[in-house]
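# Structural characterization, general
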Amino acid sequence: MKNVLAWVKRRWAVVVCAVIVLVALPVGWVFSSGWNKSIRQDQEKLAKGYLDRLNSVKVSYSLPSISPDAPAIEHRAEPNAVLTRVFKEERERVAGEAKRIVEEAQRFNHQDRAPLIPNLFPKPATPEDDVTLRLEFVKALVGETGRPSAYQQLLARVGAGTPPDAAVVAADLADEKARADEAIKGANQSRQLTPEEAADIQKKLTDRRLGTYQRRASEISFYASMAELPKRIPQAAPPQLPSLEQCFQWQTDYWMVEQILSTIAKVNQSRTGSGQGVERSVVKRLLQLSFEPLVTVAPTQEEPPPGFPSDPSLGGGDPAAGVGPGNDGSAALLEPNFLNSITGRIGIASNGMFDTQEVNIVAVVSSERLPELINTFSTSNFVTLTDVRLFAVDPWAELETGHFYGSEHVVLAQLTFEVVWLRSWTAPLMPPRIKQQLGIPLPEGEVVPEGGDPSSSDPSGVGAPRPPRDR
């Protein structure tokens, strides 16, 4: 022990250093552990901050859906050149497809319809043109000497016609009977015909009458005339110069009648490519065509210019029918409303993309080929069948009035269709007052003329929006 102490005394510096080393190791480990934890926590906070900043610069890549059945694509990621390029190309492709769809839908719905008189709608260029063009429009609509009305031309174009005039047929049969009596009686005109002779003459008269009806039926595609069209359609010049808004209502009425009659003509010619007479047509006879006007205007009080023809039997539009719905809203996805229509489409102020019109048709049609008629209407434009009712027809009773349908079984069909008109082509043609009433923004710099119909509570001269139909 003494030797150890002596050694320590001689080498105390070595001993002190050794002790310091031995003590420093555990103490250093304890302190270093604390420092490491603190440093790690600081670095973790710093890294988390950098990560949060990185996450905050993420962008959303999306592809819109052009169909309600397909959801939109949404992807969130850091900015990426490849993703940016891919999504940009896809968005351009989808936008191109959507544009082509819209253009095709407008072309399909528009079908190259044009006003009866160019440069009249939405408004004439000058006040002088205004009066002149409205006069020309009325003449085109109702006709004049040597110029059939637009509706008469339309009826002729689709192959519509009326049965032989009853008075003419009766006169012809009376002449035929007189000739037959004279031929049988010979020199003795005072004698009575035998029952056999009377029956023979009656058969000849019946055959002649039937032949007259058949011959007329072979000359037309279906029976129809102005009498079966909506009563508000003018057939003679009105007593006063109609307003521009009234002219537009009559123009839209004509477009609707043209749509329906052209579709009937199309289905009647669907098998052969040309008219083959009533006997082979799907639609044999149109008894009624009715629909609410796209817009309704109050009768004008404007004085007619000198020399303008007058017909006091003609009134204005139907003020109770209302006006077409809508405003120029955004092209957002419309939620269907089945309280108004079984299609879910609504033509009210919340919809600025299209108007809907309910069309009712009563017609004698081939019972076997009725589906052809419905399918043709559905593919001719944006037209949807919403109701159909069928009733029996007595062909012999119809024959008494000159309507010959042939041997095919027929039914009386009451059909209700919903027709859609896109605002993309109708709104640019609307007069300023109608645009204002419907909430459609006017082109920059255009103002609505002051005044209007002084007899109407509506200073615009345009009626109120139609309420939704009850079902």
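Since the structure is predicted, the reported quantities are computational estimates derived from the model, not experimental observations.

Rules of the game
Throughout this document, residue positions are counted from 1 along each chain, in the order its sequence is written. Reporting of local features is limited, given that this is a predicted model, to residues whose pLDDT is at least 70; pairs of side-chain atoms are given and counted only at 80 or more, and all residues count toward the totals for whole chains, interfaces and linings. Side-chain figures throughout are based on the complete set of non-hydrogen atoms in the structure, without hydrogens or water. Lines fitted to C-alpha atoms define the axes here, with helix axes fitted over just the stretch in contact, and angles between the N-to-C directions of these axes take values from 0 to 180 degrees. Secondary structure elements follow DSSP: runs of H or I no shorter than four residues count as helices, runs of E no shorter than two count as strands, and numbering proceeds from the N terminus. Any angle that falls under 35 degrees is termed roughly parallel, while one over 145 is termed roughly antiparallel, one within 65 to 115 roughly perpendicular, and all others oblique. For this analysis, residues touch if any pair of their heavy atoms sits within 4.5 Å. Gly is placed with the polar residues, together with every amino acid not listed as nonpolar (Ala, Val, Leu, Ile, Met, Phe, Trp, Tyr, Cys and Pro) or charged (Asp, Glu, Lys and Arg). Remark: exposure states derive from per-residue accessible area (1.4 Å probe, protein chains only) relative to the maximum for the residue type, with buried under 20%, exposed over 50%, and partly exposed in between. Any carboxyl oxygen of Asp or Glu within 4 Å of a side-chain nitrogen of Lys or Arg constitutes a salt bridge here. Here, nonpolar core means buried Ala, Val, Leu, Ile, Met, Phe, Trp, Tyr and Cys residues that are tied together by side-chain atoms lying within 4.5 Å of each other. Put simply, two rings from Phe, Tyr or Trp (the six-membered ring, in Trp's case) pair if the centres are within 6.5 Å, and we call them stacked under 30 degrees between planes, edge-to-face over 60, tilted for the rest. By this rule, a helix spans an expected 1.5 Å times one less than how many residues it contains. Space inside and on the surface of the protein is sampled on a 1 Å grid over the protein atoms alone, with a cavity defined as a set of points where a 1.4 Å probe fits but cannot get out and a pocket as an open set with protein on both sides within 12 Å along at least 5 of 7 lines; lining residues have an atom within 4 Å of a point. Grid points are joined across faces, edges and corners, and a volume is the space filled by probe spheres set on the points. Each polar contact in these results corresponds to two N or O atoms within 3.5 Å; when the atoms are within protein, one needs to be able to donate a hydrogen and the other to accept it, and residues that are neighboring in sequence are counted only if both atoms are side-chain atoms.

## Considerations on the packing of helix α5 (residues 150–157) against helix α8 (residues 244–268)
For the pair α5 and α8, the least separation of the axes is 11 Å and the interaxial angle reads 10 degrees. With respect to their mutual orientation, α5 and α8 come out roughly parallel. Along the contact surface, α5 presents A150, Y151, L154, L155 and R157, while α8 presents W250, D253, Y254, V257, E258 and L261. When the residues that make up the contact of α5 with α8 are grouped by side-chain class, the tally is eight nonpolar, no polar and three charged.

## Focus: unusual backbone geometry
Of note, the amide linkage connecting F121 to P122 takes the cis form, showing an omega dihedral of 5 degrees. With respect to the helices and strands, the residue P122 is situated in the loop between α3 (81–110) and α4 (127–142). At N119, a residue that is not glycine, the phi angle is positive and equals roughly 70 degrees. Note that N119 resides in the loop between α3 and α4. With relative accessibility at 62%, the residue N119 sits in the exposed group.

## What about the pattern of salt bridges?
Side chains carrying opposite charge are able to pair once their charged atoms draw close together. Going through the model one piece at a time under the given rule, you end up with 23 salt bridges. For E398, the salt bridge identified is with R285, shortest N-O distance 2.8 Å. With E398 in helix α10 (residues 395–400) and R285 in strand β5 (residues 283–291), the pair connects residues that are 113 residues apart, well separated along the chain. D387 serves as the salt-bridge partner of R389, at 3.4 Å between the closest nitrogen and oxygen. Taking the relative accessible area as the measure of exposure, R389 reaches 49% and is therefore partly exposed. Look at D387 and you get partly exposed, because its relative accessible area is 29%. Put simply, D172, E176, R179 and R208 are held in one network by salt bridges that share partners.

## Section: the nonpolar core
In terms of nonpolar packing, the biggest core is built from 66 residues, with V257, L261, L289, I361 and L373 touching the most fellow members. Of all the secondary-structure elements, those providing two or more residues to this core are α4, α5, α8, β5, β6 (354–366), α9 (370–380), β8 (410–422) and α12 (432–438). Per-element accounting of this core gives the leading share, 13 residues, to α8. Not counting the four nearest positions on each side in its chain, V257 is found in contact with Y151, L154, L229, P230, I233, L289 and F291. Within the second largest apolar cluster, 18 residues are counted, among which are Y213, I220, V364 and Y405.

## Examining the packing of aromatic side chains
Scanning all chains against the criterion turns up nine aromatic pairs. Relative to F248, the ring of F121 has its centre 5.5 Å away and its plane inclined at 80 degrees; by these criteria the two rings are edge-to-face. Placement of the pair is F121 in the loop between α3 and α4 and F248 in helix α8, with a sequence separation of 127 residues. Taken as a pair, F121 and F248 share a single burial class, namely buried. Ring geometry for W255 and W425: centres 5.4 Å apart, planes at 65 degrees, overall edge-to-face. Highlighted residues: W255 in helix α8 and W425 in helix α11 (residues 423–426), separated in sequence by 170 residues. Here W255 and W425 have matching classes, each one buried. An aromatic cluster is present here, built from F121, F137 and F248 joined pairwise through their rings.

## Examining α8
Between the first and last C-alpha of α8 there are 36 Å, a value that for 25 residues agrees with the 36 Å anticipated at 1.5 Å per step. Among the 25 residues in α8, 23 count as buried, and that is most of the element.

## A closer look at empty space enclosed by the protein
This structure, assessed with the given rule, holds two cavities of 30 Å³ or more. Considering the residues around the second largest cavity, the lining is formed by T252, W255, L294, Q357, W421, W425 and T426. Among the secondary structure elements, those contributing two or more residues to the lining of the second largest cavity are α8 and α11. Class assignment of the residues belonging to the lining of the second largest cavity gives a composition of four nonpolar, three polar and no charged.

## Observations concerning the environment of W425
On the basis of relative accessibility, which here comes to 5%, the residue W425 falls in the buried class. C-alpha of W425 to C-alpha of N109: the two residues are 316 residues apart in sequence and 8.8 Å apart in space. Apart from residues lying up to four places away in sequence, W425 is in contact with Q106, N109, H110, R113 and W255. Here the side chain of W425 touches N109 through a polar contact of 2.7 Å, side chain to side chain.

## Topic: the environment of R369
The residue R369 is located in the loop between β6 and α9 in this model. Accessibility expressed as a relative area gives 6% for R369, which makes it buried. Considered as a pair, R369 and V283 are 86 residues apart in the sequence and their alpha carbons are 9.0 Å apart. Among the polar contacts made by the side chain of R369, one reaches the main-chain carbonyl oxygen of R280 at a distance of 3.0 Å. A distance of 3.0 Å separates a polar atom in the side chain of R369 from the backbone oxygen of S281.

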